[in-house]
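# Structural description and commentary
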Amino acid sequence: MKIGPMGVWPPVVLAPMAGITNAPFRVLCREQGAGLFVCEMITTRALVERNPKTLRMIRFADEERPRSIQLYGVDPETVGRAVKMIAEEDLADHVDLNFGCPVPKVTRRGGGSALPYKRNLLRRILREAVRNAGPLPVTMKMRKGIDDDHLTYLDAGRIAVEEGVAAIALHARTAKQHYGGNADWAAIARLKEAVPGVPVLGNGDIWSADDALRMVAETGCDGVVVGRGCLGRPWLFRDLENAFNGDPSRAKPSLGEVADVMERHAEGLAGCFDTERYAVADFRKHVGWYLKGFTVGSELRRAMTTAESLDELRTALAKLDRDQPWPPNTDTPRGKSGERDRVHLPDGWLDDPWDSHVPADAESDISGG
């Protein structure tokens, strides 16, 4: 798969996930298989203002190549300045633009999955990004639309091609669906038909490598984006590389091997964050994902999810039954799910789909990553 000047094989992308796809987790995934591994979503305003937290979030490990940054922004000028900064200061090798985030704090200001409804504003943002990127490829990720009555993905895809975007990823759900229901893979096929000139990547409900192969076969997409399916399971990228290379073998680590990865993950976070205690607390959310399907007592699980130091975590990990084999039937949904009652939007947002006005408070209180 070609994304601008970059050849990507296997055609697999790690989806940016807030609080998840930091450098320690990306390194674990990258060790398992090749592809593009994208950092957490970064706000353009925070980047151009050189917010210290944001600058820490875009640090890459030495072995990370190519480096991919996903940007969120609503103001075309600020997006352009952020992309120019990335290109001129060699902060990354690839820029992805987020038009898929469904969380209220983003959509209520016109960002994320709300933004493609404003076709001309989307065009302005893409134009500024591509114009300022120099040799770096610019890609975009989006959803089908706001809800079933306000679908935007086909118009957005055509606009993206016209403005020089190098690839398009579609999470085949609406913002209202959030992470609930089933992804509409047929929409991925329709987008591929609408924009044959650029790679289209499908996202949604890939819980196994075989799901990825099935998505490509059913939709004709050029590659896949994997998010929740790799939570607590970085070796999914080994499976994906094997699958796209025609190798039927799949990773089935024992509980002892999983425990070793858990320890490395926590240690990596300790090297990434300011304090060990904060790093261990951040790791707690991963415990349930790593242990999914394994037989582990509630007391031992509690010890891991309340640990306040690496030593406490190591003590708990040492009590696991290391010989316990990989459990069957674990290729099932992970992470958050459920549909939203409504999508939070700026007042009057749906009145005119061609309006290119930037909401006055679009990024007024978004200063972190």
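Residues numbered from 1 in each chain as written. Predicted model: local features only at pLDDT ≥ 70, side-chain atom pairs only at ≥ 80, totals over all residues. Heavy atoms only, no water.

### Topic: the pattern of salt bridges
We apply this condition: A carboxyl oxygen of Asp or Glu within 4 Å of a side-chain nitrogen of Lys or Arg is what we treat as a salt bridge. By definition, any uninterrupted DSSP run of H or I lasting at least four residues is a helix, any uninterrupted run of E lasting at least two residues is a strand, and each is numbered from the N terminus. For the exposure calls, accessible area comes from a 1.4 Å probe over protein chains only, and a residue counts as buried if that area is under 20% of its type's maximum, exposed if over 50%, partly exposed in between.
Counting across every chain of the model gives 30 salt bridges. Between glutamate 64 and arginine 30 there is a salt bridge whose closest N-O contact spans 3.5 Å. Placement of the pair is glutamate 64 in the loop between helix 3 (52–57) and strand 5 (68–72) and arginine 30 in helix 1 (residues 23–32), with a sequence separation of 34 residues. Of the two residues examined, glutamate 64 and arginine 30, each falls in the buried class. The shortest N-O distance in the salt bridge between arginine 314 and aspartate 311 comes to 3.0 Å. With arginine 314 and aspartate 311 both in helix 14 (residues 310–317) and three residues apart, the pair spans about one turn of that helix. Residue classification places aspartate 311 among the exposed positions, given a relative accessible area of 53%.

### Thoughts on helix 1
Rules: The contact criterion used throughout is that any non-hydrogen atoms of two residues lie within 4.5 Å.
Burial runs high along helix 1: nine of the 10 residues are buried. Those residues of helix 1 not exposed but buried are Ala23, Pro24, Phe25, Arg26, Val27, Leu28, Cys29, Arg30 and Gln32. Packing partners of the buried residues in helix 1 comprise strand 3 (12–14), strand 4 (36–43), helix 10 (236–244), helix 11 (255–272) and helix 12 (276–290).

### Some words on the pairing of strand 10 (residues 223–226)
What counts here: For two strands to be treated as a pair, DSSP must find no fewer than two bridges joining them.
Side chains of strand 10 alternate between two faces, with Gly223 and Val225 and Val224 and Val226 buried alike. One ladder, built from three bridges, connects strand 3 with strand 10; its direction is parallel. Paired with valine 13 across the bridge in strand 10 is valine 225. When strand 9 (residues 200–203) meets strand 10, the two strands line up parallel, connected through three bridges. Residue pairing in the sheet places leucine 201 in a bridge with glycine 223 of strand 10.

### Regarding the sheet that holds strand 9
Applicable threshold: Think of each axis as a best-fit line through the C-alpha atoms, taken over the contacting stretch in the case of a helix, with angles from 0 to 180 degrees between the N-to-C directions.
With respect to topology, eight strands assemble into a closed barrel ordered 3-4-5-6-7-8-9-10, the strand pairing being parallel. On average, each strand axis in the sheet is inclined to that of its neighbour by 25°, with strand direction left out of account. Across the sheet, helix 10 lies against strand 3, strand 4 and strand 10, angled at about 165° from strand 3, the strand it touches most.

### What about the environment of lysine 192?
Here is the rule: Identification of polar contacts relies on pairs of N or O atoms within 3.5 Å, with a donor-acceptor requirement for protein atoms, meaning one able to donate a hydrogen and the other able to accept it, and with residues adjacent in sequence counted only if both atoms are side-chain atoms.
Take lysine 192: it is sitting in helix 8 (residues 185–194). C-alpha of lysine 192 to C-alpha of alanine 166: the two residues are 26 residues apart in sequence and 14 Å apart in space. Residue contacts for lysine 192: discarding those within four places in its chain leaves Val198, Val200, Thr219, Gly220 and Asp222. A polar atom in the side chain of lysine 192 sits 2.7 Å from the side chain of aspartate 222.

### Comments concerning the environment of glycine 268
Within the secondary structure layout, glycine 268 lies in helix 11. Expressed as a C-alpha distance, the spacing of glycine 268 and asparagine 22, which sit 246 residues apart in the sequence, is 9.8 Å.

### Re the packing of helix 6 (residues 119–132) against helix 7 (residues 153–162)
Test applied: Roughly parallel refers to an angle under 35 degrees, roughly antiparallel to one over 145, roughly perpendicular to one between 65 and 115, and oblique to any angle outside these ranges. Take the far helix as the reference: if the near one is turned anticlockwise from it by less than a right angle, the crossing is left-handed, and if turned clockwise, right-handed.
Following both chains from N to C, one finds helix 6 and helix 7 inclined at 30°, their axes separated by 10 Å at the closest point. Judged on the interaxial angle alone, helix 7 and helix 6 are roughly parallel. In the crossing of helix 6 with helix 7, the sense of the turn from one axis to the other is right-handed. Facing Arg119, Leu122, Arg123 and Leu126 of helix 6, the residues of helix 7 in contact are Asp155, Ala156, Ile159, Ala160 and Glu162.

### Re the pairing of strand 9
What counts, and what does not: Here a crossover is taken to be right-handed if, once the strands point away from the viewer, the path from the first strand over the helix to the second is traced clockwise.
Residues of strand 9 alternate between two faces, with Val200 and Gly202 on one and Leu201 and Asn203 on the opposite face, all of them buried. Of the strand pairs in this sheet, strand 8 (residues 167–171) and strand 9 are connected by four bridges, and their pairing is parallel. Its bridge partner being in strand 9, histidine 171 is matched across the sheet by asparagine 203. Handedness of the crossover joining strand 9 and strand 10 through helix 9 (residues 209–219) is recorded here as right-handed.

### Looking at the packing of helix 11 against helix 14
The relative placement of two packed helices is expressed as an angle between their axes plus a distance between the axes. Definition in use: Here the nonpolar group is Ala, Val, Leu, Ile, Met, Phe, Trp, Tyr, Cys and Pro; Asp, Glu, Lys and Arg are the charged ones; every other residue, Gly included, is treated as polar.
Between helix 11 and helix 14, the shortest axis-to-axis distance is 10 Å and the interhelical angle comes to 175°. In terms of their interaxial angle, helix 11 and helix 14 are classed as roughly antiparallel. When helix 11 is examined against helix 14, the residues Ala259, Met262, Glu263, Ala266, Glu267 and Ala270 are found in contact with a partner set consisting of Leu310, Leu313, Arg314 and Leu317. When the residues that make up the contact of helix 11 with helix 14 are grouped by side-chain class, the tally is seven nonpolar, no polar and three charged.

### Observations concerning the packing of aromatic side chains
Heads up, the rule is: The pairing test for Phe, Tyr and Trp rings, Trp by its six-membered ring, is centres within 6.5 Å, and the orientation test on the planes gives stacked under 30 degrees, edge-to-face over 60, and tilted for anything in between.
This model, assessed by the stated rule, comprises seven aromatic pairs. Plain terms: the ring middles of tryptophan 9 and phenylalanine 244 are 6.1 Å apart, the flat faces sit at 75° to each other, and that makes the pair edge-to-face. One end of the pair, tryptophan 9, is in the loop between strand 2 (6–7) and strand 3; the other, phenylalanine 244, is in helix 10, and 235 residues separate them in sequence. Among the residues examined, tryptophan 9 registers a relative accessible area of 48% and is labelled partly exposed. Centre to centre, the rings of phenylalanine 273 and tyrosine 278 are 5.0 Å apart; their planes meet at 85°, and the pair counts as edge-to-face. What links up through ring pairs into an aromatic cluster is the set Trp235, Phe283, Tyr290, Phe294 and Trp326.

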